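# Secondary and tertiary structure notes
So you can see what is in the structure, the chains are spelled out below.
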Amino acid sequence: MWAMQEEQAALPVEEQLRRVQLQAARAEARAHRAETSLRQLQQQTPSGPLETVEAETEAEAAIVAGAGAEATTASEDCEDGTSPTDGPPLAFEGPPSGLADYSWSEQTQDVGLQEANAATHTSQGEDEGAADGMASLTVDDNEAGYLGVASGAAMLRLLLPDAHASYKKVVYQHPLTAAAPEVSEHWLDTPLWDVLDLESVDLDAAINSYFGLYHNSYPLVEEHTFRAQYSQVIPRPSGRSWHALAFMIAAIGHFTAATSPTDTDRRLFMAAKSNMNIESLEMGNITLVQTLTLMSNYLQKRNKPNSGYNYLGLALHMAMGLGLHKEFHDWDITPLNMEVRRRVWWCMCVFNIGAAITFGRPLAWPNRNVEVSLPLNVNDRALTNLSRSLPSEADHATTFSAVIMQSKFHMMTNDIYTRVISMPFPSASELIRLDDTLIRKWESSVPAWYLANSPMLPKFATGHAIMWWRLYNFRIIMYRPYVIRRVLQARVPDTNSNSNSDAIPSAVQEASDRCLRDAEASITAITEFWAATPPTRLAAWYALYFLFQASLIPCVCLRNEPNAPASASWRNQINQTLHTMQLISTLNPSAQDCYNIIQRLCGPFLQPQIHNHVAGSTPNSATLANYAPLESTQESPQTQINSVYAMMWPNANPADVDVLMQDGLWNNLFTGIGDMSQPTMDQPGDTGTVQFPWE
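Before going into details, it helps to say that this report is about the structure given with it. (Residues numbered from 1 in each chain as written. Predicted model: local features only at pLDDT ≥ 70, side-chain atom pairs only at ≥ 80, totals over all residues. Heavy atoms only, no water.)

### Quick notes on the overall build of the protein
Applicable threshold: Secondary structure elements follow DSSP: runs of H or I no shorter than four residues count as helices, runs of E no shorter than two count as strands, and numbering proceeds from the N terminus. When a residue's accessible area, from a 1.4 Å probe over protein chains only, is under 20% of the maximum for its type it is buried; when over 50% it is exposed; and in between it is partly exposed. Any two residues whose heavy atoms approach within 4.5 Å are treated as being in contact. For the area figures, the Shrake-Rupley method with a 1.4 Å probe applies, and any residue is considered shielded solely by the protein chains shown.
Per the secondary structure count, the protein includes 24 helices and 4 strands. Counting all 695 residues of the protein, 49% fall into the buried class. A fraction of 73% describes how many contacts in the protein between residues 6 or more apart in sequence connect residues 24 or more apart. Summed over all atoms, the accessible surface of the protein reaches about 32,500 Å², with 54% contributed by carbon and sulfur.

Spelled out as structure tokens, the structure:
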């Protein structure tokens, strides 16, 4: 709000007058069109029942056709502020008036449970300062937040464009709560300043680290505006919410740039939380959305995924309440402010869908009814607060390239993910078709300067790498059930003359091969990235997650087919993984846990390489011939599936796993996989002999 007021104050008087006149002319034109429509409806006097129905139908169609069109498709008003006779139709919804946005506050000022009585402006139990819960009476978009075409307020806006002047709630403020806000003696406000010893923290360096690294992958906050607010060159908006945002930026900046484990970022996070409470949810502004989103992402990286998941849900709901999912054709908003809204919305998209995939949960992101453009791929300096037109997009990587590419990817693949987490599991043929159409379509849209092997400036290298790791991981998730089925099938004695591979449908074989290729590509890409790029904690978190997920594929294969022709390649991939995890462990302690798990799973099957060869090298066939054939794991398929399930879906409820896997029901994980028949176990308690009916 402060930023908008300052911007408005900075405008020339003539410009302010022009805008006021334009708004007044538009309001008058809307009122005139509404009155004309009402008079026409009232003058209709059909003579019979049939004519009445027809007249009502035509009248309804006229209103819907004339008034229900989106503001984004309306024609431009004339320069003098009036509309031509064939001008834009009256809309059910439109942008906020003036320079306002959809920010709102429903906070009450009551102390405890005291209520005003008849002698002191009776409140009758109402929450003062709140918009009506029916979303029908409040048409002032500067108070009620975004109310779309389905709300009652939309109809009221249509019929009475100036209704906001006739309906105003009386806000009662308890005399005991009218005290002036507290002013902190510190640069940033928190009641925990001394307790957390924040005097010893270099906040400037932490904020610089945030914009130097994290911001280039997730540009959630407009850097130049925030720095001006932080330096108090311009007012800091949104009160304590802004201070919470500043501490969160410092917390993430310190976390991502740290070169060793530290708890300073935790202290900064606690300082951010001290500026938030449950009453913070009784107001809505873009600063709060940014704060909640950063809190969510930070908590996930600090191994509190469910807490972060909840924060992200709050951020999403508040964003939609602010109308971040909408844009309007005649919105009186600066290009920079519009771009900021877009950046916030699409950064949330990447976080929200990424979290859903990580946790294997249903998508909470709205796939439809979103009418907001992607951010522009522009240089930071090309668009400022003084810009009055949009610059041309750059043909190279910018601060906004990563979020643009990841958002496009998710929008293209959301339907695939929905199928993958649904039962019955999609057939191999269906997955290959979706891959070849949707994912290939996204790949073909990637510009040459953002391809997987394109050279990248160091500050953009992490975001660029994450995008391609995300692609490999998504394909692994799509196809890995077929790899697991294949390796378990390989343990069945071959009683037929044909080989097992000959008996498997081609689509199933292709699905398995694609998974193996993408797992290898992921392991290679992460290993090479870590060897060539200065390590950071941000890269360490993403590299470990994608590396561990990819490494489970060769692990499962090697344990069950240790003498297969591809076993040397699997050993090489696992050794690469172990070596890289050791390097990552200096920044991310969880890497050592992942290292130990892989050693426990595959240690006995890596012996030829571990004891006789340099890590990462592959012995030749003559060398391998000196070793006796290795026996596959003696664990039953049920036990293996339990282990793999827990590692591939680490956030699954253990009770769900038990129900799914007990008494041979592990097969339910693959129920309905097309192109393959359901395997059956001889007995629920046997040693793992599996029979596949297609043999």
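### Observations regarding the packing of aromatic side chains
What counts is decided by this rule: Any two rings among Phe, Tyr and Trp, with Trp reduced to its six-membered ring, count as a pair given centres within 6.5 Å; such a pair is stacked if its planes are under 30 degrees apart, edge-to-face if over 60, and tilted if neither. In this analysis the charged atom, NZ for Lys or CZ for Arg, is taken to sit over a ring once it is within 6 Å of the ring centre and within 35 degrees of the ring normal.
Inspection of the entire model under this criterion finds 22 aromatic pairs. A cation over a ring is seen here: lysine 301 above tryptophan 541, with NZ or CZ 4.7 Å from the ring centre. Lying over the aromatic face of tyrosine 309, arginine 361 brings its terminal NZ or CZ to 4.4 Å of the ring centre.

### Overview of empty space enclosed by the protein
So the rule is basically this: Here a cavity denotes grid points, spaced 1 Å and computed from the protein atoms alone, that fit a 1.4 Å probe unable to get out, and a pocket denotes an open set having protein on both sides within 12 Å along at least 5 of 7 lines; residues with an atom within 4 Å of a point are the lining. Grid points are joined across faces, edges and corners, and a volume is the space filled by probe spheres set on the points.
This model, assessed by the stated rule, comprises 4 cavities of 30 Å³ or more. Computed from the structure, the largest cavity encloses a volume of approximately 200 Å³. Taken together, 18 residues form the lining of the largest cavity, with Gly354, Ala355, Thr358, Arg470 and Tyr542 sitting closest to its centre. Listing elements by their share of the lining of the largest cavity, those giving two or more residues are helix H10 (286–301), helix H12 (335–359), helix H15 (458–489) and helix H18 (537–560). Broken down by element, the residue count for the lining of the largest cavity peaks at 6 residues, all from H12.

### Some details on helix H6 (residues 203–212)
Inclusion rule: An arc is given here, and it is the one of the directions from the helix axis to the C-beta atoms. As used in this structure description, the phrase polar contact means that two N or O atoms lie within 3.5 Å; if the pair is within protein, one of them must be able to donate a hydrogen and the other to accept it, and residues adjacent in sequence are counted only when both atoms belong to side chains.
Of the residues making up H6, those classed as buried are Leu203, Ala206, Ile207, Tyr210 and Phe211. Buried residues of H6, viewed axially, fall in a sector of 135°; they line one side. Elements in contact with the buried residues of H6: helix H7 (223–230), helix H8 (240–257), helix H9 (264–273) and H10. The backbone nitrogen of aspartate 204 has a side-chain oxygen 3.3 Å away, supplied by the residue at the start of H6, namely aspartate 202.

### Considering the nonpolar core
Cut-off, in case you're wondering: Put simply, buried Ala, Val, Leu, Ile, Met, Phe, Trp, Tyr and Cys residues joined by side-chain atoms within 4.5 Å make one nonpolar core.
Counting residues in hydrophobic clusters, the biggest one holds 149 residues, and the most contacted among them are Tyr210, Phe226, Met248, Ile249, Leu294, Tyr450 and Trp469. Setting aside residues up to four positions removed in sequence, leucine 294 forms contacts with Tyr210, Tyr214, Leu220, Leu245, Met248, Ile249 and Ile252.

### Focus on the pattern of salt bridges
In a structure, side chains of opposite charge can pair up when their charged atoms sit close to one another. Our working definition: What counts as a salt bridge is simple: a side-chain nitrogen of Lys or Arg found within 4 Å of a carboxyl oxygen of Asp or Glu.
Per the counting criterion, the structure on display carries 17 salt bridges. With a closest N to O distance of 2.9 Å, arginine 302 and aspartate 265 form a salt bridge. Of the two residues, arginine 302 is situated in the loop between H10 and helix H11 (305–321) and aspartate 265 in helix H9; the sequence distance between them amounts to 37 residues. Residues arginine 302 and aspartate 265 agree in their burial class; the two are buried. Here glutamate 510 and arginine 514 are joined by a salt bridge, their closest N and O atoms 2.8 Å apart. Residue glutamate 510 and its partner arginine 514 are located together in helix H17 (residues 506–532), separated by 4 residues, close to a single helical turn. Take arginine 514: its relative accessible area is 9%, and that puts it in the buried class. A single network of salt bridges, built from pairs that share partners, joins Asp435, Asp436, Arg440, Glu443, Arg475, Glu510, Arg514, Arg517 and Asp518.

### Regarding the packing of H11 against H12
How we decide: Axis lines are fitted to C-alpha atoms, over the contacting stretch for helices. Their N-to-C directions set the angle, which ranges from 0 to 180 degrees. By the definition used in this description, the sense in which the near helix is turned from the far one sets the handedness, with an anticlockwise turn below a right angle giving left-handed and a clockwise turn giving right-handed. Each residue gets one label: Ala, Val, Leu, Ile, Met, Phe, Trp, Tyr, Cys and Pro are nonpolar, Asp, Glu, Lys and Arg are charged, and the others, such as Gly, are polar.
Running from N to C, H11 and H12 cross one another at 145°; their axes reach a closest spacing of 11 Å. Seen from above, H11 lies across H12 with left-handed handedness. In contact with Pro305, Tyr309, Leu312, Ala315, Leu316, Ala319 and Met320 of H11, H12 contributes Trp345, Met348, Phe351, Asn352, Ala355 and Phe359. Broken down by class, the residue content of the contact of H11 with H12 amounts to 12 nonpolar, 1 polar and no charged.

### Observations concerning the packing of H8 against H10
Condition: By definition in this entry, angles of less than 35 degrees are roughly parallel, angles greater than 145 are roughly antiparallel, angles of 65 to 115 are roughly perpendicular, and the rest are oblique.
Running from amino to carboxyl end, H8 crosses H10 at an angle of 30°, the nearest separation of the two axes being 9 Å. Compared by their axis directions, H8 and H10 come out roughly parallel. In this structure, the crossing between H8 and H10 has a hand that is left-handed. Residues Ser241, Trp242, Ala244, Leu245, Met248, Ile249, Ala251, Ile252 and Phe255 of H8 pack against Thr287, Leu288, Gln290, Thr291, Leu294, Met295, Tyr298 and Lys301 of H10.

### Quick look at the environment of asparagine 306
By secondary structure assignment, the location of asparagine 306 is in helix H11. The exposure class of asparagine 306 is partly exposed, given its relative accessible area of 42%. Separated by 53 residues in the primary sequence, asparagine 306 and phenylalanine 359 have C-alpha atoms spaced 9.2 Å apart. At 2.5 Å, the side chain of asparagine 306 forms a polar contact with the side chain of arginine 361.

### Let's talk about a nonpolar patch on the surface
Selection criterion: Patches here are clusters of residues that have more than 30% relative accessible area and form no salt bridge, with a 9 Å joining cutoff for like charges and a 5 Å cutoff for nonpolar side chains (Val, Leu, Ile, Met, Phe, Trp, Tyr).
Nonpolar side chains collect at one region of the surface, where Ile278, Leu281 and Leu314 lie side by side and expose about 270 Å² of accessible area between them. Residue placement: isoleucine 278 occurs in the loop between H9 and strand E2 (283–284).

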